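# Commentary on secondary and tertiary structure
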Amino acid sequence: MNDFPAGMVWLVGAGPGDPELVTRKAERLIGLGTVVFHDALVGPGVLELAAPGARLVHVGKRSGRHSKDQRTIDQLIVQAALAGERVVRLKGGDPAIFGRMAEELSACRTAGVPVRICPGVTAASAAAASLGASLTLRGLARKLTFVTAHARTGEPLDLDWKALADPDATLVVYMGKAAAADVSRHLIVAGLPGSTPVALVESASLPEEGQFHTRLDLLPLVARTALGEGPALLLIGAALADSAQPSGRANAVTGTACESAAT
Ligand SMILES: C[S@@+](CC[C@H](N)C(=O)[O-])C[C@H]1O[C@@H](n2cnc3c(N)ncnc32)[C@H](O)[C@@H]1O
């Protein structure tokens, strides 16, 4: 299939970390790239899918530790394509979800570089699967909202808290670790009960994954004391209630973590 000629860019979703959650299409494209520009959150197992001679370029951004700014990344991928490389821009999860994909797409289009998108499994799907939870529930969670709690340094979180404090919805907060206390406070002030179930999932799909169950009013404490250095999601809403029931390995771990976090 010649959908990846020289001089082209594919924006590829790498999934949440587990190499088995990479799509077959992504695997094929990664293997065809002559250069792979990848984020910090792309797991080592996924990078192993690159061809032996391919150049791997780390352009990752983790909060507070930006190694390359977005404009530089846009330029790098465009220049590589114009130089005749087959460019894979490998992004954690799904590139279209909090992935700054639009800028890269636009930079390629402006430069006349052919560009396409390969979707990936987003972190919320991986976290829900690990929890054994459904993000939507008939009659209980009719709406699913993905929101980012990332704010520019020094700026307050500017979100529509009234709309987010919806008892019939599941709210998944990306990049919410540092802002967990604000998220909890704002949602409670906007009317969501403090007893609303919350699950925190760190490094979803990876061997070091951690799951923690709590309630909205205790979220700041659990986020502060239980979470480590890995990427984490906050999942909030009635749909998360059942995932806290002990039913397997992960939930047994959860019970311990939750107890120690609350003491
Ligand atoms: C810049 S966003 C990228 C999201 C990505 N495009 C996706 O679809 O999952 C990075 C945030 O995604 C979440 N995230 C990414 N991978 C994760 C994982 N394996 N486990 C938990 N959260 C993850 C964290 O909230 C992290 O701060």
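Calculation criteria
- Residue positions are given per chain, counted from 1 along the sequence in the order it is written.
- Confidence filtering applies because this is a predicted model: local features only for residues at pLDDT of at least 70, side-chain atom pairs given and counted only at 80 or more, and all residues used for totals across whole chains, interfaces and linings.
- Note that water and hydrogens are dropped before the side-chain values are worked out from all heavy atoms of the structure.
- Strands were regarded as paired on the criterion that DSSP finds at least two bridges between them.
- Counting from the N terminus, the helices are DSSP H or I runs at least four residues long and the strands are E runs at least two residues long.
- With axes taken as lines fitted to C-alpha atoms, and helix axes fitted only over the stretch in contact, angles between N-to-C directions fall between 0 and 180 degrees.
- Confidence per residue, as judged by the predictor, is encoded in pLDDT with a range of 0 to 100.
- Note on contacts: a residue pair qualifies if any of its non-hydrogen atoms lie within 4.5 Å across the two residues.
- Exposed residues in this analysis have more than 50% of their type's maximum accessible area, buried residues have under 20%, and partly exposed residues fall in between, with area computed by a 1.4 Å probe over protein chains only.
- Throughout this description, a polar contact denotes any pair of N or O atoms lying within 3.5 Å of each other; where both atoms belong to protein, one of them has to be capable of donating a hydrogen while the other can accept it, and for residues adjacent in sequence the pair is counted only when both atoms sit in side chains.

A word on the sheet that holds strand β7 (residues 115-118). Ordered by their spatial adjacency, 5 strands build an open sheet running β3-β2-β6-β1-β7, and the pairing between neighbours is parallel. Sheet topology places β3 (55-58) and β7 at the edges, where each strand pairs with a single neighbour. Put simply, the sheet's adjacent strands are angled 20° from each other on average, direction ignored. Relative to strand β6 (residues 87-91), strand β2 (residues 35-38) is paired through 4 bridges, and the arrangement is parallel. Bridging across to β6, V36 finds its partner in V88.

Let us now look at the confidence of the model for the chain. Model confidence for the chain is summarised by a mean pLDDT of 91, while 89% of its residues fall at 70 or above. Contacts of residues 247-263 to residues separated by more than four positions or lying in other chains number 19 contacts, the stretch itself having pLDDT below 50.

Topologically, K91 is positioned in strand β6. Owing to a relative accessible area of 1%, K91 belongs among the buried residues under this scheme. A distance of 2.8 Å separates a polar atom in the side chain of K91 from the backbone oxygen of G99. Beyond its immediate chain neighbours, meaning those up to four positions away, K91 contacts V12, G13, A14, G15, D39, V42, G99, R100, M101 and E104.

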